[in-house]
Amino acid sequence: MVRKKDSLQQKLLDNQVRYEREEILWMLDYIGHPDYKIRDELIFVTLARAIQEQLFTKEQFDFVAIEALKRQGLLYKKEEVGQATLTRSFTALLLANLLNADAKKNSLYFKRLSSQQRMALFEQGMSYLLYENDRTGYSEEYGWVHAFAHGADLLVEIICHPDFPITRVNEVLQVLEKIFKRVNWRFISDEDWRLARVIYQAVLNDRLSQTRVAAWLTSLDFPLENSTDFLQFSNARSCLLEVYLQLDKEKALSDELREAIQLFSY
């Protein structure tokens, strides 16, 4: 382990680096390493950089996709919180990077995923936050865990992927609604803002109309009968405020959606 760690650390300094299959396997094996200096600053940085900067060969990209799907990291000990969450959370980020590269026309890996792989990633990503229960943002023991934020990043790549059926964007809104109605704590590490990206990035990328978002908002119902109801409503409202701010900043907010968000109150 020490030898691979040192080798990968050295390669982070090299712009012409090439990776061995054994190194890739080691990174996938330890994607949820409990030491943030290894997990965040070495393994995930290396995987993300290799995909974004096209340092993997096409065949290595294919290998990572096959391995990631085979390992089903989003389901890893899904009933457990704590260290086990790290594998799920950082697998979500890896899958987001794979989908992002597959969608980019100027990427070496454009459309490298098969239609079956792509669909599997869509389905896995859309279901992930419907069972994740780890509310941890930052942990003194593990560093950033941030499962809901990373799951939101994956949802962004799903809804913005050109091969995600436009007829299914309503399903993503339904996923968001289910998330807000099942989470019984207040987000405190900007997870609600990361979930907002699913909506405003989809709007900015012409994957989701503001009319559809406004209609969805009018259908949302939070009973506000107890404290949990209020926390759930508050998470949703904070998410929508971020949608409002980001679209307004881009001068892209329609009057229809502006009014719908303004009327979303208790």
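The structure this text deals with has already been given above.
Before going into details, it helps to say that this report is about the structure given with it. As the structure is a computational prediction, the values presented were derived from the model and not from experiment.

### Describing the overall build of the protein
Okay, step 1: On a plain count of helices and strands, the protein comes out with 12 helices and two strands.
Okay, step 2: Written out in order from the N terminus, the α and β elements of the protein read α-α-α-α-α-α-β-β-α-α-α-α-α-α.
Okay, step 3: Its C-alpha atoms give the protein a radius of gyration of 19 Å, within 12% of the compact-globule value 18 Å for 266 residues.
Okay, step 4: Counting only C-alpha atoms and orienting by the principal axes, one finds that the protein spans roughly 55 × 40 × 30 Å.
Okay, step 5: By residue count, 53% of the 266 residues in the protein fall in the buried class.
Okay, step 6: Residue pairs in contact within the protein that sit at least 24 positions apart in sequence constitute 72% of those at least 6 positions apart.
Okay, step 7: About 12900 Å² of surface is accessible on the protein, with carbon and sulfur atoms providing 48% of the total.
Okay, step 8: Side chains of the protein give 34 positive and 39 negative charges; the mean places of these two sets differ by 4 Å.

### Some points on unusual backbone geometry
Okay, step 1: In this structure, His146 takes a positive phi of about 50° despite not being glycine.
Okay, step 2: Note that His146 resides in the loop between β2 (143–144) and α7 (147–160).
Okay, step 3: Since its relative accessible area comes to 8%, His146 is described here as buried.
Okay, step 4: Phi at Asp206 takes a positive value of approximately 60°, unusual for a residue other than glycine.
Okay, step 5: Note on placement: Asp206 falls in the loop between α9 (191–204) and α10 (210–219).

### Here we look at helix α8 (residues 169–182)
Okay, step 1: Along its 14 residues, α8 runs 20 Å from first to last C-alpha, staying within 8% of the 20 Å computed at 1.5 Å per residue.
Okay, step 2: Buried within α8 we find Val169, Val172, Leu173, Val175, Leu176, Glu177, Ile179 and Phe180.
Okay, step 3: Each element contacted by the buried residues of α8 is listed here: α6 (115–128), α7, α9, α10 and α11 (227–249).

### Things to note about the packing of aromatic side chains
Okay, step 1: This model, assessed by the stated rule, comprises 13 aromatic pairs.
Okay, step 2: Look at Trp185 and Phe187: their rings are 6.4 Å apart centre to centre, the planes differ by 90°, and that puts the pair in the edge-to-face class.
Okay, step 3: Taking the relative accessible area as the measure of exposure, Trp185 reaches 9% and is therefore buried.
Okay, step 4: By the ring-pair criterion, three or more aromatic residues cluster together here, those being Phe148, Trp185 and Phe187.
Okay, step 5: The ring of Phe63 has Arg21 lying over it, and the distance from NZ or CZ to the ring centre is 4.0 Å.

Conventions we followed
Residues numbered from 1 in each chain as written. Predicted model: local features only at pLDDT ≥ 70, side-chain atom pairs only at ≥ 80, totals over all residues. Heavy atoms only, no water. Helix = DSSP H or I, 4+ residues; strand = E, 2+ residues; numbered from the N terminus. Rg over C-alpha atoms; globule rule 2.2 N^0.38 Å. Buried < 20%, exposed > 50% of the residue type's maximum accessible area, 1.4 Å probe, protein only. Contact = heavy atoms within 4.5 Å. Areas by Shrake-Rupley, 256 points an atom, 1.4 Å probe, with all protein chains shown as cover. Lys, Arg positive; Asp, Glu negative; His and termini not counted. Charge placed at Lys NZ, Arg CZ, Asp CG, Glu CD. Expected span 1.5 Å × (residues − 1). Phe/Tyr/Trp six-rings, centres within 6.5 Å; stacked < 30°, edge-to-face > 60°. Lys NZ or Arg CZ within 6 Å of the ring centre and 35° of its normal.

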